[in-house]
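Observations on the three-dimensional arrangement
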Amino acid sequence: MMKKRVFLTRTLHDFALKELKKRYEIEIHSGKIPIPKSKLRSKIGNIEGLICFPYDKIDRDLIDNAKNLKIISTYSVGFDHIDTKYAKKKKIRVGYTPEVLTDATADLAFSLMLDVLRRVSEGDRIIRNGKWIQIYGAYDYVGTDLQGMTLGIFGLGRIGSALAKRAKSFNMKIIYHNRKPISKNKENSLGVKYVTFLKLIRSSDIISIHVPHTKETNHMFNMKIFKKMKKSGFLINTARGKIVNEKDLIKALNKKIIAGAALDVYESEPISKKHPLTKIQNVVLAPHIGSSTKETRAKMAEITVKNLNLGIEGKSPIYSVGY
Ligand code: DGY
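Because the structure is predicted, anything quoted here is derived from the model rather than measured.

**Comments concerning a positive patch on the surface**
On the surface, Lys227, Lys247, Lys251 and Lys255 cluster together into a patch of positive charge. On the secondary structure map, lysine 227 appears in helix α10 (residues 223-228). Lysine 227 sits in the exposed class, given a relative accessible area of 61%.

Structure representation (structure tokens):
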């Protein structure tokens, strides 16, 4: 029997490729990342399964060309790069990889928060640039204590909750905003309090974003919001870059409308050395590494392959968007 065909827009772990090769005829894109749309369009018509990454835009046009495609399995928790509604309409399943990356992403959000409040990366730059001249002054490189600070979590889902657990052990006060509050029991065990979005913005010392990027959350954090935040407030974003209006953020940081930011995601990635954010000292920049630990990335690969297998068999993936 002819093996089904699977296309990967980028390579994965060896164990995952071995697994895939047992069942399918696989082709892996090499060369320019992300894969040029024209190349993906030329492949997508002949495959049953697609493994893609969060920067591969899988739009209507590609889906219309995907005549035999049964499943799009993305190596990410985010799926805003896929037109999932249209895929569903065309009976193409979409699998993604939540849960396994919850702790890694919460760890990163927490370390970005510690970094920007205690100015660790800034200190590293001071030393590397030969600017550490005198030691131990009363006002030198002073940061901000975490304990006692109010952390505002925007989106208390899996990752937001994991961040709350970490913040609780640092004696922070934790407030959150969701479309709907979680149960009182869960609130009590996490030590969190539900507030309106406006209250979250106004009362938080640090705001951490944990919502998906949608039409509603696009540029939700803009100058209007930054002006409502505390002047001493910090913004952490490990969710998606487009939730923040980057131009406004740059202005808010430069004009000291807010005290600092720590980012793992950007409106367009990768950002270059010349990006205006790189010129600002009170901002920590990470290269989209929320899920990037050896352990987590391997688990993501395992789920990506399992989701793909199930989809090709005509079954719902373990983690499914839609059905
Ligand atoms: C994802 O998986 O969508 C995350 O952005 C990874 O960090």
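**A few points about the packing of helix α1 (residues 14-23) against helix α12 (residues 294-312)**
Running from N to C, α1 and α12 cross one another at 15°; their axes reach a closest spacing of 9 Å. The orientation of α1 with respect to α12, classified from their angle, is roughly parallel. By crossing handedness, the relation of α1 to α12 is classed as right-handed. Mapping the contact onto sequence places Phe15, Ala16, Glu19, Leu20 and Arg23 in α1 and Ala298, Ala301, Glu302, Val305, Leu308 and Asn309 in α12. Residue composition of the contact of α1 with α12, by class: seven nonpolar, one polar and three charged.

**Section: the sheet that holds strand β12 (residues 283-285)**
The strands making up a sheet are joined through hydrogen bonds of the backbone, oriented either antiparallel or parallel. Here seven strands make up an open sheet; going across it, the order is β8-β7-β6-β9-β10-β11-β12 and the pairing parallel. Strand pairing shows two members of the sheet lacking a second neighbour, β8 (192-194) and β12, which therefore form its edges. The sheet shows a mean angle of 20° between the axes of neighbouring strands, taken without regard to direction. Two elements, strand β9 (residues 206-209) and strand β10 (residues 234-237), share four bridges in a ladder whose sense is parallel. Paired with isoleucine 207 across the two strands is leucine 235, which belongs to β10. Docked against the sheet, helix α7 (residues 158-168) engages β6 (150-154), β7 (173-177), β8 and β9, running at close to 170° with respect to β6. In the packing of helix α11 (residues 246-254) onto the sheet, contacts are made with β10, β11 (260-263) and β12, and the angle to β11 comes to roughly 140°.

**Describing the environment of leucine 40**
As for its placement among the helices and strands, leucine 40 is situated in helix α2 (residues 37-44). Residue leucine 40 is classed as buried on the basis of its relative accessible area of 2%. When the C-alpha positions of leucine 40 and arginine 179 are compared, they lie 36 Å apart, and in sequence the two are 139 residues distant. When sequence neighbours within four positions are dropped, the list of residues in contact with leucine 40 reads Phe7, Thr9, Ile35, Leu50, Ile58 and Leu62.

**Looking at the pairing of strand β3 (residues 49-52)**
Across the two faces of β3 the burial is the same, with Gly49 and Ile51 and Leu50 and Cys52 all buried. Relative to β3, strand β1 (residues 4-8) is paired through three bridges, and the arrangement is parallel. Note that in β3 the partner of leucine 8 across the bridge is isoleucine 51. Looking at chain direction, β3 and strand β4 (residues 71-74) are connected through four bridges and run parallel. Counterpart to leucine 50 in the pairing with β4 is isoleucine 72.

**So, the sheet that holds strand β13 (residues 320-321)**
The strand order across the open sheet formed by six strands is β2-β1-β3-β4-β5-β13, and the pairing between neighbours is mixed. For this open sheet the edge positions go to β2 (24-28) and β13, each flanked by a neighbour on one side alone. Of the strand pairs in this sheet, strand β5 (residues 93-95) and β13 are connected by two bridges, and their pairing is antiparallel. Across the sheet, the residue bridging to valine 94 is valine 321, located in β13. Where α1 meets the sheet, it contacts β1, β2 and β3, and its direction lies at approximately 135° from that of β2. Where α12 meets the sheet, its contacts fall on β1, β2, β3, β4 and β5, and the angle it forms with β4 comes to roughly 175°.

**What to know about the confidence of the model for the protein**
When pLDDT is low, close inspection of the predicted coordinates is not appropriate. Looking at the protein, the pLDDT average stands at 97 and 100% of residues meet or exceed 70. Taking the mean pLDDT of every element in the protein, the minimum, 96, falls on β13 and the maximum, 99, on β10.

**Quick look at the domain arrangement of the protein**
Along its sequence, the protein is carved into domain 1 (4-100 + 295-312) and domain 2 (101-285). The centre of domain 1, based on its C-alpha atoms, is set 31 Å off from the matching centre of domain 2. In this assembly, 10 residues from domain 1 lie in contact with six residues from domain 2. Summed over both partners, the interface of domain 1 with domain 2 buries about 720 Å², with 50% contributed by carbon and sulfur atoms. Run the count over domain 1 and domain 2 and you get two salt bridges. As a salt-bridge pair, aspartate 80 and arginine 240 come within 3.2 Å of each other at their nearest N and O atoms. Between domain 1 and domain 2 we count four residue pairs in polar contact (both at pLDDT 80 or more) in total. The class makeup of the residues in the side of domain 1 that touches domain 2 is five nonpolar, three polar and two charged.

Calculation notes
Residues numbered from 1 in each chain as written. Predicted model: local features only at pLDDT ≥ 70, side-chain atom pairs only at ≥ 80, totals over all residues. Heavy atoms only, no water. Patch = residues over 30% accessible without salt bridge, like charges linked within 9 Å, V, L, I, M, F, W, Y side chains within 5 Å. Areas by Shrake-Rupley, 256 points an atom, 1.4 Å probe, with all protein chains shown as cover. Salt bridge = Lys/Arg side-chain N within 4 Å of Asp/Glu carboxyl O. Lys, Arg positive; Asp, Glu negative; His and termini not counted. Charge placed at Lys NZ, Arg CZ, Asp CG, Glu CD. Helix = DSSP H or I, 4+ residues; strand = E, 2+ residues; numbered from the N terminus. Buried < 20%, exposed > 50% of the residue type's maximum accessible area, 1.4 Å probe, protein only. Axes fitted to C-alpha atoms, helices over the stretch in contact; angles between N-to-C directions. Parallel < 35°, antiparallel > 145°, perpendicular 65-115°, else oblique. Left-handed = near helix turned anticlockwise from the far one by under 90°. Contact = heavy atoms within 4.5 Å. Nonpolar A, V, L, I, M, F, W, Y, C, P; charged D, E, K, R; others polar. Pairing = 2+ DSSP bridges. pLDDT = per-residue confidence, 0-100. Domains from an automatic or database assignment. Buried area = accessible area lost by both parts, 1.4 Å probe. Polar contact = N/O pair within 3.5 Å; in protein donor to acceptor, adjacent residues only side chain to side chain.

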